[in-house]
Amino acid sequence: MGGRWGWRRWIVTVSLAVTGVATAQGTRAPTLQAMHGVTPGRWELRMPGSTVPPRVSCVADPAILLRLHHRAATCSRFVIDDSAKGATVHYTCPGAGHVRSRLRIDTPRVLFIESEGIADGMPFSDAIEARRLGTC
């Protein structure tokens, strides 16, 4: 199996594949339990307490709200916690950085997201309130 390192890598790969907590590039991850009631549509994203004006976006997959700094990147994910009221997920995006996001669901139309990580070689930390406004 390629020595001790190859064996360990194989065990980790099989473990992640069996538990379904990681997503390889090019495959679709199972929907997070936390996102089951959250629907696509027009969302307003704002940073509470900030003077930055809110941003309105048409969101086809609400799970993308967990990795706003890495929307265009191909990322793998590791689900740390997932329940009906929230989730914590770590994304690794080769060449683009990484992000750990914590999602709290107030209602299916109001989400609170705290994210921190590295994007384009620079650290970031965001707190965002996302409100669904309607359809696109």
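Before reading on, note that the structure itself is shown above.
Residues numbered from 1 in each chain as written. Predicted model: local features only at pLDDT ≥ 70, side-chain atom pairs only at ≥ 80, totals over all residues. Heavy atoms only, no water.

**Re the packing of aromatic side chains**
As a reminder, the rule being used: The aromatic pairing rule takes the rings of Phe, Tyr and Trp, using the six-membered ring of Trp, and pairs them if the centres are within 6.5 Å, calling planes under 30 degrees apart stacked, those over 60 edge-to-face and the rest tilted. In this scheme, Lys NZ or Arg CZ marks a charge over a ring once it lies within 6 Å of the ring centre and within 35 degrees of the ring normal.
What the rule picks out here adds up to 0 aromatic pairs. For Arg67, the ring lying beneath its charged end belongs to Tyr91, and the centroid distance is 5.7 Å.

**Observations concerning the state of the cysteines**
Condition: Pairs of cysteine sulfur atoms within 2.5 Å are identified as disulfides in what follows. Per the convention used, a helix needs a DSSP run of H or I reaching at least four residues, while a strand needs a run of E reaching at least two, with both numbered from the N terminus. Under the scheme applied here, a residue whose accessible area is under 20% of the maximum for its type counts as buried, over 50% as exposed, and between as partly exposed, the area being computed with a 1.4 Å probe on protein chains only.
With the rule as written, the count across this model stands at 2 disulfides. Sulfur-sulfur distance for the disulfide between Cys58 and Cys136 comes to 1.9 Å. Between Cys58 and Cys136, the S-S dihedral sits near 115°, and the bridge is therefore right-handed. Taken as a pair, Cys58 in strand S2 (residues 55-59) and Cys136 in the segment after strand S7 (122-134) lie far apart in primary sequence, 78 residues in all. One exposure class covers both Cys58 and Cys136, and it is exposed. Paired through a disulfide, Cys75 and Cys93 show a sulfur-sulfur distance of 2.0 Å. Across the S-S bond linking Cys75 and Cys93, the dihedral sits near 105°, which makes this disulfide right-handed. Taken as a pair, Cys75 in the loop between S2 and strand S3 (76-83) and Cys93 in strand S4 (residues 86-93) lie far apart in primary sequence, 18 residues in all. Assigned by exposure class, Cys75 and Cys93 land together as buried. Numbered by position along the chain, the disulfide-linked cysteines of the protein connect as 1-4, 2-3.

**Looking at the pairing of strand S6 (residues 110-119)**
Heads up, the rule is: Two strands pair if DSSP finds at least two bridges between them.
Bridge count between strand S5 (residues 97-107) and S6: 10 bridges; the pairing is antiparallel. Bridge pairing links Val99 to Gly117 in S6. Following S5, the chain reverses through 2 residues before pairing antiparallel with S6. Summarising the sheet, S6 and S7 pair through 10 bridges and their orientation is antiparallel. Residue pairing in the sheet places Ile113 in a bridge with Ile128 of S7.

**Focus: the pairing of strand S1 (residues 41-46)**
In this sheet, S2 lies alongside S1 in antiparallel orientation, the contact comprising 5 bridges. Residue pairing for S2: Arg42 is matched across the bridge by Cys58.

**What to know about the sheet that holds S1**
For the record, the criterion: Angles run from 0 to 180 degrees between N-to-C directions of axes, and those axes are lines fitted to C-alpha atoms, restricted for helices to the stretch in contact.
Read across the sheet, 7 strands follow the order S2-S1-S7-S6-S5-S4-S3 without closing on themselves; strand pairing throughout is antiparallel. Whereas interior strands pair on both sides, the edge strands pair on one side only; in this sheet they are S2 and S3. Averaged over all pairs of adjacent strands, the angle between their axes in this sheet comes to 25°, without regard to strand direction.

**Observations regarding the nonpolar core**
Where we set the bar: To qualify as a nonpolar core, a set must consist of buried Ala, Val, Leu, Ile, Met, Phe, Trp, Tyr and Cys residues joined through side-chain atoms within 4.5 Å.
Ranked by size, the top nonpolar core spans 27 residues in total, and within it Trp43, Leu65, Leu103 and Leu111 carry the most contacts. Elements that contribute at least two residues to this core include exactly S1, S4, S5, S6 and S7. It is S4 that contributes the most residues to this core, 4 residues altogether.

**Here we look at the pattern of salt bridges**
We count it as follows: A side-chain nitrogen of Lys or Arg and a carboxyl oxygen of Asp or Glu constitute a salt bridge if their distance falls within 4 Å.
Per the stated rule, a full pass over the model turns up 3 salt bridges. In this structure, Arg46 engages Glu129 in a salt bridge whose closest nitrogen and oxygen atoms are separated by 2.9 Å. Taken together, the residues Arg46 in strand S1 and Glu129 in strand S7 connect sequence positions 83 residues apart. Among the residues examined, Arg46 registers a relative accessible area of 30% and is labelled partly exposed. Judged by its relative accessible area of 5%, Glu129 is buried. Look at the salt bridges and you will find they share partners, linking Arg46, Glu129 and Arg131 into a network.

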